Amino acid sequence: MRGLLIVDHGSRSQEANGRLAAFARRIAEAQPEWLVEHAHMELASPDFEAGVDRLVSRGARAIFVHLHFLGTGFHVRESLPRLAEQMRARHPGVEIELS
């Protein structure tokens, strides 16, 4: 089973965070064969680890992580590759690929 995790920076604004959740719901509705979750790097929940864990608990064996960022800043270059490695170690039977 294939999972999609959409990750953004996160915001103190509930409205901004709600837009990512709504975006993930629309993708899940359009692609019912995919398991879809969203996550934030900072300031909001769920975080990256929780998003991966949710997909694995739903049966995902391969997860594509879509980085929903405007630029290639610290999280894209450093944080997310490191977190992906940690999650691969936590879930050794699951393939995790970053966009």
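For the structure, see preceding data.
Since we're looking at a predicted model, the values are computed, not measured.

1. As for helix α2 (residues 48-57)
Every buried residue of α2 is accounted for by Phe48, Gly51, Val52, Leu55 and Val56. Projected down its long axis, α2 shows its buried positions confined to an angular sector of 135 degrees, all on one face. Contacts from the buried residues of α2 go to β1 (2-8), β2 (35-40), β3 (62-67), α3 (74-90) and β4 (95-98).

2. Points about the side chain of Glu37
Assignment of secondary structure puts Glu37 in strand β2. For Glu37, a relative accessible area of 12% puts it in the buried group. A polar contact of 2.9 Å, which involves the side chain of Glu37, links it to the side chain of Arg58. Ignoring any residue separated from it by four or fewer positions in sequence, one finds Glu37 in contact with Leu4, Leu5, Ile6, Ala24, Gly51, Arg54, Leu55 and Arg58.

Cut-off values and rules
Residues numbered from 1 in each chain as written. Predicted model: local features only at pLDDT ≥ 70, side-chain atom pairs only at ≥ 80, totals over all residues. Heavy atoms only, no water. Buried < 20%, exposed > 50% of the residue type's maximum accessible area, 1.4 Å probe, protein only. Helix = DSSP H or I, 4+ residues; strand = E, 2+ residues; numbered from the N terminus. Arc of directions from axis to C-beta. Contact = heavy atoms within 4.5 Å. Polar contact = N/O pair within 3.5 Å; in protein donor to acceptor, adjacent residues only side chain to side chain.

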